[in-house]
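# Overview (structure and organization)
Residue strings, one per chain:
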Amino acid sequence: MYINQHLCDVCGTCVSVCPVDAIEVFETQVVIDNDVCISCGKCAQVCPARAIGDAL
Amino acid sequence: MIRKFYDVVVIGAGPAGSVAARYAAMGGASVLMLERDREPGIPVRCAEGVSVNGIEPYIDIDESWVAARINHAKLVGPSGNSAFLRNNGAGLVLERRIFDVRLCELAIAQGVRLLTKANATGLIRKNGVVSGVEFTHDGVETSVACNIVIGADGVESRVGRWAGMDTALALKDLDTCVQYTLDGIDVNPEYCEFQFGNEISPGGYVWIFPKSNHSANVGIGIAGVKAKDKGPKEYLDTFVAKRFPEASATYTVYGGVPTSYMKDEYVQDNVILAGDAARQVNPITGGGIVQGMIGGQLAGETAAEAVKAGKFNRRFLMSYKRKWDKRLGDNQKVMFRLKERFLGMTDGKFENLVNFIKTIPEDKFSMSYLFKEAVKEDPKLMMDVAKSFILSKLKK
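Per chain, residue numbering runs from 1 following the sequence as it is written. Chains and ligands are labelled by the order in which they are written, letters from A for the one and numbers from 1 for the other. Two thresholds apply to this predicted model, a pLDDT of at least 70 for residue-level local features and 80 or more for giving and counting side-chain atom pairs, whereas whole-chain, interface and lining totals are computed over all residues. To get the side-chain values, all heavy atoms of the structure are used, and hydrogens and water are removed first.

## Structural notes on the overall build of chain A
This is how it is decided: In DSSP terms, a helix is any run of H or I states spanning at least four residues, a strand is any run of E spanning at least two, and both are numbered starting from the N terminus. Radius of gyration means the value over C-alpha atoms here, while the globule rule gives 2.2 Å times the residue count to the 0.38 power.
When helices and strands are counted, chain A shows two helices and four strands. The N-to-C order of helical and strand elements in chain A reads β-α-β-β-α-β. Against the compact-globule benchmark of 10 Å for 56 residues, chain A has a radius of gyration of 10 Å, which places it among compact chains. In terms of overall dimensions, chain A has C-alpha extents of about 25 × 20 × 20 Å along its principal axes.

## With respect to the overall build of chain B
Which entries qualify depends on this criterion: To sort residues, take the accessible area from a 1.4 Å probe on protein chains only and compare it with the maximum for the residue type: under 20% means buried, over 50% means exposed, and anything in between is partly exposed. Only the protein chains shown count as cover for residues, with accessible areas throughout obtained via the Shrake-Rupley method and a probe of 1.4 Å. Only four residue types enter the charge count, namely Lys and Arg as positive and Asp and Glu as negative; His and the chain termini do not. To locate a charge, the coordinates of NZ of Lys, CZ of Arg, CG of Asp or CD of Glu are taken.
Helices and strands together make up the secondary structure of chain B, namely ten helices and 16 strands. Its C-alpha atoms give chain B a radius of gyration of 21 Å, near enough to 21 Å, the size a compact globule of 396 residues would have. The C-alpha extent of chain B, read off along each of the three principal axes, is 60 × 50 × 40 Å. Within chain B, the fraction of its 396 residues that count as buried is 55%. Element-wise, carbon and sulfur atoms account for 51% of the exposed surface of chain B, whose accessible area totals about 17,000 Å². Counting 51 positive and 46 negative side-chain charges, chain B places the centres of these two groups 6 Å from one another.

## What to know about the domain arrangement of chain B
All names here are of chain B. For clarity, the cut-off: Annotation comment: domain bounds sourced from an automatic or database domain assignment. We call two residues in contact whenever any of their non-hydrogen atoms come within 4.5 Å of each other. Accessible area, probed at 1.4 Å, shrinks when two parts are joined; the buried area is that loss added up over both. Whenever a nitrogen or oxygen atom comes within 3.5 Å of another N or O atom, the pair is scored as a polar contact, on the condition that within protein one atom can donate a hydrogen and the other can accept it, and that pairs from neighbouring residues in sequence are kept only if both atoms are in side chains. All amino acids are sorted into three groups, where Ala, Val, Leu, Ile, Met, Phe, Trp, Tyr, Cys and Pro are nonpolar, Asp, Glu, Lys and Arg are charged, and the leftover types, Gly among them, are polar.
When cut into domains, chain B gives domain 1 (5–45 + 97–170 + 260–331), domain 2 (70–92 + 171–258) and domain 3 (336–394). Between domain 1 and domain 3, the contact holds five residues from the first and six residues from the second. Summing both sides of the interface, domain 1 and domain 3 together bury roughly 520 Å²; the carbon and sulfur share of this comes to 72%. It is Pro283, Ile284 and Asp330 that lose the most area in domain 1 upon contact with domain 3, and together they represent 74% of the buried surface on that side. If you look at where domain 1 meets domain 3, you find zero residue pairs in polar contact (both at pLDDT 80 or more). Grouping the amino acids of the side of domain 1 that touches domain 3 by side-chain chemistry returns three nonpolar, one polar and one charged.

## Observations regarding helix α3 (residues 96–109) of chain B
Residue and element names in this part refer to chain B. Note the following rule: What a helix should span is 1.5 Å times the count of its residues minus one.
In this model α3 runs 20 Å from its N-terminal to its C-terminal C-alpha over 14 residues, within 8% of the 20 Å that 1.5 Å per residue would give. Here the buried face of α3 lies against α1 (15–26), β2 (31–34), α2 (52–55), β5 (82–94), β6 (113–115) and α6 (289–309). Of the residues trailing α3, Gly111 is marked for its positive phi of about 105°.

## A short note on unusual backbone geometry
Residues and elements named next belong to chain B. Omega for the peptide link from Ile42 to Pro43 comes to -10°, which places this bond in the cis form. Checked against the element boundaries, Pro43 lands in the loop between β2 and β3 (49–51). Within the chain, Lys117 stands out as a residue other than glycine whose phi angle is a positive 55°. With respect to the helices and strands, Lys117 occurs in the loop between β6 and β7 (118–126). Take Lys117: its relative accessible area is 37%, and that puts it in the partly exposed class. Phi angles above zero are rare outside glycine, and Asn270 is one such case at about 65°. Counting through the fold element by element, Asn270 comes out in the loop between β15 (267–268) and β16 (271–273). When its relative accessible area of 7% is taken as the criterion, Asn270 is described as buried.

## Examining the packing of α1(B) against α3(B)
Residue and element names in this part refer to chain B. So the rule is basically this: Axes here mean lines fitted to C-alpha atoms, for a helix over just the part in contact, with angles spanning 0 to 180 degrees between N-to-C directions. These descriptions rest on fixed angle ranges, namely under 35 degrees for roughly parallel, over 145 for roughly antiparallel, 65 to 115 for roughly perpendicular, and the rest for oblique. Here a crossing is taken to be left-handed if its near helix is turned anticlockwise relative to the far helix by less than a right angle, and right-handed if that turn runs clockwise.
Between α1 and α3, the least distance of the axes is 8 Å, while the angle of their chain directions is 15°. Between α1 and α3, the angle is such that the two are roughly parallel. In this structure, α1 crosses over α3, and the sense of that crossing is left-handed. In contact with Pro15, Ser18, Val19, Ala21 and Arg22 of α1, α3 contributes Arg96, Phe99, Asp100, Leu103, Cys104, Leu106 and Ala107.

## With respect to the side chain of Ser201(B)
Residue and element names in this part refer to chain B. For Ser201, the location among the structural elements is in the loop between β11 (191–195) and β12 (205–210). Polar contacts involving the side chain of Ser201 include one to the main-chain carbonyl oxygen of Gly221, which spans 3.2 Å. With residues near it in sequence (within four places) discarded, Ser201 still touches Val206, Ile220, Gly221 and Ile222.

## Notes on the interface of chain B and chain A
One frequent convention defines the size of an interface as the accessible area lost when the parts assemble. As a reminder of what qualifies: For this analysis, a salt bridge means a side-chain nitrogen from Lys or Arg found within 4 Å of a carboxyl oxygen belonging to Asp or Glu.
Listed by partner, the interface residues are 33 residues for chain B and 22 residues for chain A. Together, Arg161(B), Leu171(B) and Tyr254(B) form the three largest contributors to the area buried by chain B at its contact with chain A, with a combined 27%. At the surface where chain B touches chain A, the tally comes to three salt bridges. Where chain B packs against chain A, one counts 14 residue pairs in polar contact (both at pLDDT 80 or more). Its residues assigned to classes, the side of chain B that touches chain A comprises 13 nonpolar, nine polar and eleven charged.

## Structural notes on a nonpolar patch on the surface
For clarity, the cut-off: Like-charged residues within 9 Å of one another, or nonpolar side chains (Val, Leu, Ile, Met, Phe, Trp, Tyr) within 5 Å, are grouped into patches, provided each residue has over 30% relative accessible area and no salt bridge.
Taken together, the side chains of Val20(A), Val36(A) and Ile38(A) make up a nonpolar region of the molecular surface, amounting to roughly 220 Å² of accessible area. As for its position among the elements, Ile38(A) is in the loop between β3 (30–32) and α2 (42–46).

Rendered as structure tokens:
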């Protein structure tokens, strides 16, 4: 999964549903580790800013 | 100078974290509190509604952070049919950006050390035991040693994951939310409004919390499980275009609200969670400020007792969970079961609920009355609630 950094509000909602702990939050940025990600799509479904998709 | 060791490190300086830090310090512990942002309270990810009774034990009411005093709640059903719950002077709409700083000042006055722009990045373990926190401060990597970590890091609850707890939420147990602070609108600052219905807000509600007679926090939370095709922003924009077509948004914010409950595993050796991180939220309303402060107090007190006793294992720290269950947790589990029922409610049922509330005499209104009457109307509800009660009692 990929995050559109222009849309992301760094709210952490995606982190709270990730079943494999693939999402890290830095001070001003959320980053998905695609080596860990299983593409379940939960983060994209709950992202209130609709900033996450399965392609860049 | 930041010391190399504190008895307790609190991660997150929201209401849960700052109250936890304050009570730990009052109990004699040395406390460091880390805040990721440049200032506690910002960005505000909150509808800012609280009850006076709920916050009074923790802070003297001060006009500098009270935007509006709320007398009533207006519940609006899917057809526009509405009912008032009257409760004079019982509610407040806050200015969280001031409120959160005041709570931090109260912690600092008890000896807590606060660092802003301090982003926790992991836990340090010595022989398998959590013995400190790694963080960046102003972008520079550093660390601090401690005996207890209190994770009050909000919905994302990363501290819990670092400690090996499963804090991941199911999609049905998370509300995905958007809120605008709208200005240039006509609102009655005496009441908060809640709009229900599957067309308006599936599995959640739209709120209008006034901040003055010309501005309000207007937001929406929808159940994550119902956000597949349309997100909360699309629902909210539809609502706002109809209701406040001429409004300007002075603020836009996104966020998630856990609608789960606090579990035993949120207490581990040397690590406990509080606030949204511990899912200390009313699963029906999504309210978490007062719940987080109560959880924070219990977490802070337990941490101070642990420091005094020199015992930091899960067995000792579980007294925190037992105190929480007695105070709010048992009730929270019942609310959680009710929330699961609300998720499946049809618009017709919402209409019945609004009509039913209309029939309650003003002087009789209380949550327990509402509950008793609702159970009469819907026996299956009673079975659910009875089961939750029995289960929660059996666990003790």
